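What follows is the residue order along each chain.
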Amino acid sequence: MTWKMLLCGTLLLRAAVLEAASQPVSSDWVSYGYDVGGNRFSPLTQITRENVGDLQIAWTYHMRPAEVAEADPTDFAPSEATPLVIRGVMYLPTPYGEVVALDADMGKRLWAYDLPNHERPSTRGVAYWPGEGATGKRIFLGTRSGKLIALDAGTGQLCADFGHGGMVDMKTLEVMNGNPKGLLGMSSPPLVFDNLVITGSQVQEFPAHGAAGDVRAWDARTGRLVWTFHTVPRPGELGHDTWEGESWKSRSGVNVWTSPVADSKRGIVYLPVAAPTFDRWGGDRKGMNLFGNSIVALKAATGTYLWHFQTVHHDIWDLDLPSAILIDVKKGGRTVPAIAVANKTAILFLLDRVTGRPLYEVKEVPVPTDTDVPEEAPWPTQPVPIAPPPLARQSFSLSELTDLTPEIKARCQQLVKEWNIAESRMYQPPRAGVAVAHFPGGQGGVSWGGSAFDRSSGYYIVNITNMASPAQLGQRPDGAWGLAYGYRYFWDFATRIPCQRPPWGELLAVNVNTGTIAWRRTLGVTDSLPPGLRNTGRPSAGGPIATASGLIFVGATDDSRLRAFDSSNGKLLWEERLPASVYATPITYRGKSGKQFVAAVNTGGMTGSDITNDEVTVFALPVNTEKKIARATQVATPVAGAAAVVASGSAAGAGAQADPPPGPGLDLITQHCISCHPATQIFAAPLRTSLEWSKTVKRMAARGAEVTPDEVRTISDYLGGHFAPPTSEPGTR
């Protein structure tokens, strides 16, 4: 192996990626959103625009246990899981009550933990903690019944010193609000930050009173509760006066049902908080209802409040706040550390992540307040940024009924008559006399799948859905108001065709530096329509990811496809039809073999699609394509930084060798260092003494490199032995 070959996958890294140092960079997928900032941007470049069309299935793993399949071959369960991959091991929760560890190169099962008492792990993923001192690496997961579980990452065994035998019961007296049998669990993974496990929760949609949506942090070593943030402020706390009278008492909702994100450099955690219960009627909770529908910034170590921004006042539309990711915005000649948050309206707010101030002006816009529901008091204004524009449909007129075919139009006209569907404007309040066709709907223009941030281009990438959920309210015997006919989609149920004109689903990019939409593409096809009419877009759940080679991977749609797009213009480059829809967010990672893989869980079940599979499907380039990459990369023009290092006659080339000597140290450098530091930065750098190399490697480990103390010594010894001056001072080798 030559050092030039080690440049494969590094010379094509864009300079912007190398400059983005606010979060650790890894060729693994170490957190639910790739890193704690949740931006779902991988530095890997082996799969490119030019070769993505060559992707082939490398391996598959079936999550369904044999006894379930034998009992009923048609019995499948849906999964929304985003796997993690750390140092060649994939960690995955299954909808069959297991957490499994797999060889990430081949799919071989390494261990499995079977949850007791027919329990189910949180459906969207697990979290990883690298350990500290004598405490080893751990996998953390929540359960549907409110348990927080710690597993040994190497064996899958419960960590006996965590909580009570490896489990913490999160249903504490304080959080249950006097409702010991109330619903409290986890549908999303926790956020692991430093030595804390930060948990949101899943609570009931109805009735209004139940478990609190408080966010809590637990000690990753012991399970001890470290801090609690009250999402419904108590007397004396900021925001308490936004709840009229005693409407705050025992209030449920106002929870983080997706995952928090964090700024590791600044020690800040951000909570995307959902709506209060009941989320379609607020007559019993007049006021703005903080911290509902808000992004809340806290000191991660203590849970101390820093700032908040509310995206919807007094939510009566089930708009939540499911999506938050860290981004960087170039504005006014400087780079602003920012956070992008979007609620289900698909209205995107770009905020300074240190102060919470909007980067583009936000206006309080007058909205409709007319309602026939007694006691309801809709808030008269809602925040709307001047940029970017809303990303999804916000209103509906009956003249916009779909007319793709006469048969579909007739069925939708009949549905309008049967359901008494009414037109709507942005933030039109629900009514009792008619079913308001509110867009983008309770499914969300943007939902838990969230978005990705392409650091190279400054593009915020997101998939959106346009499909109304007509809401008509009815009064219950206790006087409260709820949905008269439950949750409904505005589509022909038999054909699953939405009743407004397409597009029904889109993928788009927002240039965060200008606040403008860079491109917008239809996402998904309706296979049941006649040829020529199928490019409609489809409702979606799950989100996109981006790579440094200019690719976007996304499943999400209910048409059973995984797709790759060009991040610069949205051009479709590749698609693969899978056994079922990808009701999850894919990942990409580099295995121990050096291959870049793309993995997606596909089970179906999204917005009513059939649940027909139990598979993790993993793609990679064929061997011949990989060889082609290596040859091409050896003669590629280096990008910023690398060009200066290899320039003829530069001092940086003083330590260059044609072939770095083989050995365990070189293997570890290839596995852990090359993704962040080009090979030229290591092997063609000015020579350092052994002591200087040791300090450099330890500094990288302290910044988040996934290496053990033994591996630090091996790397240091290798570099000190082969890339140090011949006359190193005594005692440094």
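In this numbering scheme, every chain counts its residues from 1 along its sequence in written order. Local features are withheld for residues below a pLDDT of 70 in this predicted model, meaning they are given only at 70 or higher, and side-chain atom pairs are given and counted only at 80 or more; totals for whole chains, interfaces and linings count all residues. To obtain the side-chain values, all non-hydrogen atoms of the structure were included, while hydrogens and water were left out.

A.B. asks: Lay out the overall build of the protein chain with the relevant residues and their values.
C.D. replies: Note on conventions: DSSP H or I runs of at least 4 residues are helices, E runs of at least 2 residues are strands, and numbering of each starts at the N terminus. Across its full length, the protein chain holds ten helices and 40 strands. When burial is assessed residue by residue, the protein chain has 61% of its 733 residues classed as buried. In this description, contact between two residues means that some pair of their heavy atoms is separated by no more than 4.5 Å. Across the protein chain, every contact between residues at least 6 apart in sequence was considered, and the portion connecting residues at least 24 apart equals 63%. Under the convention used here, a 1.4 Å probe and the Shrake-Rupley method define accessible areas, while residue burial counts only the protein chains that appear. Of the roughly 26,900 Å² of accessible surface on the protein chain, 53% is carried by carbon and sulfur atoms. Only protein chains enter the area calculation, which uses a 1.4 Å probe; residues under 20% of their type maximum are buried, those over 50% are exposed, and those in between are partly exposed.

A.B. asks: Let's hear about the sheet that holds strand S18 (residues 305-310): which residues, and what values?
C.D. replies: Strand order across the open sheet formed by four strands is S15-S16-S17-S18, with antiparallel pairing between neighbours. Strands with a single pairing partner mark the edges of an open sheet, and in this sheet they are strand S15 (261-263) and S18. With strand direction ignored, the average angle separating the axes of adjacent strands in the sheet is 20 degrees. Paired strands, as defined in this entry, are two strands with at least two bridges between them according to DSSP. The pairing of S15 with strand S16 (residues 268-272) spans three bridges and is classified as antiparallel. Helix axes use the C-alpha atoms of the stretch in contact, all axes being lines fitted to C-alpha atoms, and the angles between their N-to-C directions lie in the range 0 to 180 degrees.

A.B. asks: Outline the pattern of salt bridges, supporting the account with residue identities and numerical values.
C.D. replies: Only one rule defines a salt bridge in this text: a Lys or Arg side-chain nitrogen within 4 Å of an Asp or Glu carboxyl oxygen. A full pass over the atoms with the stated rule returns 30 salt bridges. Between Asp 263 and Arg 266 there is a salt bridge, and its shortest N-O distance comes to 2.9 Å. Residue Arg 266 is classed as partly exposed on the basis of its relative accessible area, which comes to 34%. Across the salt bridge formed by Arg 393 and Glu 400, the nearest N and O atoms sit 3.1 Å from each other. For Glu 400, a relative accessible area of 25% corresponds to the partly exposed category. Within the structure, one salt-bridge network assembled from shared partners comprises Asp 263, Arg 266, Asp 328 and Arg 353.

A.B. asks: I'd like a rundown of the state of the cysteines, residues and numbers included.
C.D. replies: Defined simply, a disulfide is a covalent bond joining two cysteines at their sulfur atoms. Here, the term disulfide refers to a pair of cysteine sulfur atoms separated by no more than 2.5 Å. The full count for this structure, using the stated rule, is one disulfide. The disulfide partner of Cys 412 is Cys 499, and the gap between their sulfur atoms is 2.1 Å. On the sign convention where negative means left-handed, the S-S torsion of about -80 degrees between Cys 412 and Cys 499 marks this disulfide as left-handed. One end of the pair, Cys 412, is in helix H4 (residues 406-419); the other, Cys 499, is in the loop between strand S31 (497-498) and strand S32 (505-511), with 87 residues separating them in the sequence.

A.B. asks: Lay out the pairing of strand S12 (residues 196-199) in plain terms, naming residues and giving numbers.
C.D. replies: Side chains of S12 alternate between two faces, with Leu 196 and Ile 198 and Val 197 and Thr 199 buried alike. Bridge count for strand S11 (residues 191-193) against S12 is three bridges, and the pairing is antiparallel. Pairing of Val 192 across the sheet is with Val 197, part of S12. Direction of pairing for S12 relative to strand S13 (residues 215-219): antiparallel, over a ladder of four bridges. The residue of S13 that forms the bridge with Thr 199 is Arg 216.

A.B. asks: Please give an account of the side chain of Asn 195 that cites residues and values.
C.D. replies: Along the chain, Asn 195 falls in the loop between S11 and S12. Any pair of N or O atoms that falls within 3.5 Å is considered a polar contact. Within protein, one atom must be able to donate a hydrogen and the other to accept it, and sequence-neighbouring residues count only if both atoms are side-chain atoms. A polar side-chain atom of Asn 195 sits 3.1 Å from a polar atom in the side chain of Trp 129. Among the polar contacts listed, one links the side chain of Asn 195 to the side chain of Glu 132, at a separation of 3.0 Å. Beyond its immediate sequence surroundings of up to four residues, Asn 195 is in contact with Trp 129, Glu 132, Trp 218, Asp 219, Ala 220 and Arg 221.

A.B. asks: I'd like to hear about the sheet that holds S32, residue by residue, with values.
C.D. replies: One open sheet accounts for four strands, arranged S26-S27-S32-S33; its pairing is antiparallel. Two strands in the sheet have a free side with no partner beyond their single neighbour: strand S26 (451-454) and strand S33 (516-522). This sheet shows a mean twist of 20 degrees between the axes of neighbouring strands, independent of strand direction. Bridge count between S32 and S33: six bridges; the pairing is antiparallel. Within S33, the position partnered with Val 510 by the bridge is Ile 517.

A.B. asks: Hey, could you go over H4 for me, with residue numbers and the actual values?
C.D. replies: Expected helix span is given by 1.5 Å per residue-to-residue step, counting one fewer step than there are residues. Between the first and last C-alpha of H4 there are 20 Å, a value that for 14 residues agrees with the 20 Å anticipated at 1.5 Å per step. Along H4, the residues classified as buried are Ile 408, Cys 412, Leu 415, Val 416 and Trp 419. Taken end-on, H4 shows its buried residues confined to a sector of 100 degrees, consistent with a single buried face. Facing away from the buried side of H4 by over 90 degrees, the exposed positions are Pro 406, Lys 417 and Glu 418. Buried residues belonging to H4 abut strand S24 (421-422), strand S25 (435-436), strand S30 (491-492) and S31. Asn 420 lies just past H4 and shows a positive phi near 60 degrees. In this description, the arc belongs to the directions extending from the helix axis to the C-beta atoms.

A.B. asks: I'd love a proper account of helix H10 (residues 709-722), names of residues and values included.
C.D. replies: Its 14 residues give H10 an end-to-end C-alpha distance of 20 Å, which sits within 8% of 20 Å, the value for a rise of 1.5 Å per residue. Within H10 the residues assigned to the buried category are Glu 711, Val 712, Ile 715, Ser 716, Tyr 718, Leu 719 and Gly 720.

A.B. asks: Give a detailed account of unusual backbone geometry, specifying residues and quantitative values.
C.D. replies: Note the cis peptide between Phe 206 and Pro 207, where omega equals 5 degrees. Position of Pro 207 among the secondary structure elements: in the loop between S12 and S13. Note that the residue after Ala 387, namely Pro 388, is joined by a cis bond; omega there is -10 degrees. Located in the positive-phi region is Arg 40, a residue other than glycine, with phi close to 50 degrees. Tracing the backbone shows Arg 40 in the loop between helix H1 (15-19) and strand S1 (41-42).

A.B. asks: Requested: an account of the side chain of Gln 428, with residues and values cited.
C.D. replies: Along the chain, Gln 428 turns up in the loop between S24 and S25. The buried category is assigned to Gln 428, whose relative accessible area is 9%. Within the structure, the side chain of Gln 428 is placed 3.3 Å from the side chain of Asp 370, a separation counted as a polar contact. In contact with Gln 428, other than residues within four places in its own chain, are Trp 317, Pro 368, Asp 370 and Val 436.

A.B. asks: A description of the packing of aromatic side chains should follow, citing residues and the corresponding values.
C.D. replies: Think of it this way: a Phe, Tyr or Trp ring, Trp meaning its six-membered ring, pairs with another when their centres are within 6.5 Å, and the plane angle makes it stacked under 30 degrees, edge-to-face over 60, tilted otherwise. Summed over all chains, the structure comprises 16 aromatic pairs. Geometrically, the ring pair formed by Phe 229 and Phe 291 is tilted, given 5.4 Å between the ring centres and 45 degrees between the ring planes. Placement of the pair is Phe 229 in strand S14 (residues 225-229) and Phe 291 in the loop between S16 and strand S17 (294-299), with a sequence separation of 62 residues. Phe 291 gets classed as buried once you look at its relative accessible area, which sits at 2%. An aromatic cluster is built from Phe 229, Phe 291 and Tyr 305, whose rings are joined through pairwise contacts. Of note, Arg 40 hangs over the ring of Tyr 32, and the distance from its end group to the ring centre comes to 5.5 Å. Here the basic side chain of Arg 64 rests over the ring of Phe 76, its NZ or CZ set 4.0 Å away from the ring centre. Distance and angle both matter: a charge sits over a ring if NZ of Lys or CZ of Arg is within 6 Å of the ring centre and within 35 degrees of the ring normal.

A.B. asks: Any details on the environment of Ser 593? Residues and values, ideally.
C.D. replies: Mapped onto the elements of the fold, Ser 593 is located in the loop between strand S38 (587-590) and strand S39 (596-604). Taking the C-alpha atoms as reference points, Ser 593 and Gly 88, 505 residues apart in sequence, are found 8.8 Å from one another. Of note is the side chain of Ser 593, whose polar atom sits 2.5 Å from the side chain of Asp 105.

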